[in-house]
Each structure stands twice: as structure tokens, then as C-alpha cells.
Amino acid sequence: MDMLDTKVRGAEEVEKVVSAPLLGTLPQLPEEKTSIESEDWMMAESMQLIREKLNYILKQQKSPVIMVTSTIPGEGKSMVATHLANAYARAGKRVIVVGCDLRNPSLHSFLDFDRQEGLSAYLAGLCDTPEQLIWRVNEELHVLFGGVIPPNPVQLIASPRMQELLEYLRGKYSCIILDTPPLGVLAEGFTLSKLADA
């Protein structure tokens, strides 16, 4: 019966089957404790550890683009992206988290903001400058939400404007964190992986 059980039950099992380094583990949080406003010390410490391991892997690269993804929807990638951005901000880095999941934007759930316009408007050419769409959470932490769900998310993410946007953001921020669609389901994640440093 154990041969039919394919669930991963701990960090040790992940390390056995994945060739990439394990950056850390996160505490399980109740729904009401997932926003950065209600972040507790366990989540903060976990994210600080992940941030430092990423810095080691990236060798203190200037303005890295870090992609946060998952294999299927609902695994917590948007929550991780938001809390990781917060960990960089607490370390004094000017950071932006970009909502690249244009089909199911959910960054607002973890930041207690609700913004209709965002990345989709910029990529579609409805807005000339990204600055108009960026929200300031605090002095160091900024966010570009996904925006209105477009009919053509794959084409928008694959457009030259996405690469232009990342180059623009590299000039303004110490770290860019992309909250991307799940890799195991949607094509956009693979396109974005070519633009990310980690």
C-alpha cells in the first residue's frame, strides 16, 4: 500500500526527489494569518532564512529577478512571493513584487489592497509608464498587481513589453519578485522562467 502513496510529507522527502536546493520550510498558517500585516515571528524567520539562502545562490547579484511559482494552483505561491518581498524590504532593500499570474491574480489578498489596473494594462499598451500602476505598501515594499484579467495572458507575458518592464524595474529596485502562474498547468510560467535569475 505504501507504494501507492505519492504524497510528500516532509522536507527530507523533497530533498530525495528534487535536484534543486531546498531553501526552507514555512509554518502552516490559518487563513486569517496570511497577510503581511498579520505576519508572526515564525513566518518572518522562515522568510529571512529563505532570503539569505537566495542571496547566497545569487551571489549578491545586483537587482535579481526572483520567480515564485508552484506546480498547481492553490499551493501558496502568491503568499510566499508577498512574504519574501516583505523579508527583503525588512532587510532595507527596495523591492517590488509583480503579479504575473494574469489569469488568477491574488496578491491583493496578502497585502490588504485591491487594485483593478496593473500589469495587464501595461503589457496591453493601455498605460505608457509602469509608475502609474505601482502601489507603495511601505517605504521599501512596492507592488504591481496583475490587474484586470485579459483574454490573452500568454501573448501579453511573452510580449517585448514584459522584458522592457523588467529592465526598467532593475534600474529602480534592489530586488524584483515575480508571482507567476503555476508551471505545471500554464505556459506563462515557462516564458517568465527565461527572464528570471532564480
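Above this text is the structure in question.
A. Just helix H3 (residues 77-90), in detail. With 14 residues, H3 should reach 20 Å at 1.5 Å per residue; the first-to-last C-alpha distance of 20 Å fits that figure. Across the 14 residues of H3, twelve count as buried, placing the element largely inside the fold. If you check which residues of H3 are buried, you get Lys77, Ser78, Met79, Ala81, Thr82, His83, Leu84, Ala85, Asn86, Ala87, Tyr88 and Ala89. Tucked inside the fold, the buried residues of H3 contact helix H2 (41-58), strand S1 (65-68), strand S2 (95-99), helix H4 (108-111), strand S4 (141-144) and strand S5 (175-179).

B. Local environment of the packing of aromatic side chains. Per the counting criterion, the structure on display carries zero aromatic pairs. Lying over the aromatic face of Tyr56, Lys59 brings its terminal NZ or CZ to 5.6 Å of the ring centre.

C. Fine view of the pattern of salt bridges. Taken as a whole and judged by the stated rule, the model has six salt bridges. Across the pair Lys77 and Asp179 runs a salt bridge, and its minimum N-O distance is 3.3 Å. Placement of Lys77 in helix H3 and of Asp179 in strand S5 is noted, with a sequence separation of 102 residues between them. Considered together, Lys77 and Asp179 belong to a single accessibility category, that of buried residues. Close ionic contact of Arg170 with Asp197 constitutes a salt bridge, the shortest N to O distance being 3.1 Å. Here Arg170, found in helix H7 (residues 160-170), pairs with Asp197, found in the segment after helix H8 (188-193); they are 27 residues apart in sequence, far enough to count as distant. Beyond isolated ion pairs, a larger network of salt bridges with shared partners links Lys77, Asp101 and Asp179.

D. Broad picture of the environment of Arg94. Along the polypeptide, Arg94 turns up in the loop between H3 and S2. By relative accessible area, which is 30% here, Arg94 ends up partly exposed. Sequence spacing of Arg94 and Leu141 is 47 residues, and the spatial spacing of their C-alpha atoms is 6.2 Å. Ignoring any residue separated from it by four or fewer positions in sequence, one finds Arg94 in contact with Glu140, His142, Lys172, Tyr173, Ser174 and Cys175.

Rules and cut-offs
Residue numbers restart at each chain and count upward from 1, following the sequence in its written direction. For a predicted model such as this one, the threshold for reporting local features is a pLDDT of at least 70, and the threshold for listing and counting side-chain atom pairs is 80 or more; totals across whole chains, interfaces and linings nevertheless cover every residue. Calculation of side-chain values draws on the structure's entire complement of heavy atoms; hydrogens and water are dropped beforehand. Note on conventions: DSSP H or I runs of at least 4 residues are helices, E runs of at least 2 residues are strands, and numbering of each starts at the N terminus. A helix is expected to span 1.5 Å for every residue after the first. Per-residue accessibility, obtained with a 1.4 Å probe over protein chains only, is compared with the maximum for each type, and a residue is labelled buried under 20%, exposed over 50%, and partly exposed between these values. Contact definition: two residues touch when any of their heavy atoms are within 4.5 Å. Pairing of aromatic side chains here covers Phe, Tyr and the six-membered ring of Trp, requires ring centres within 6.5 Å, and sorts the geometry by plane angle: under 30 degrees stacked, over 60 edge-to-face, intermediate tilted. Any Lys NZ or Arg CZ that is within 6 Å of a ring centre and within 35 degrees of that ring's normal is treated as a charge sitting over the ring. Put simply, a salt bridge is a Lys or Arg side-chain nitrogen that is within 4 Å of an Asp or Glu carboxyl oxygen.

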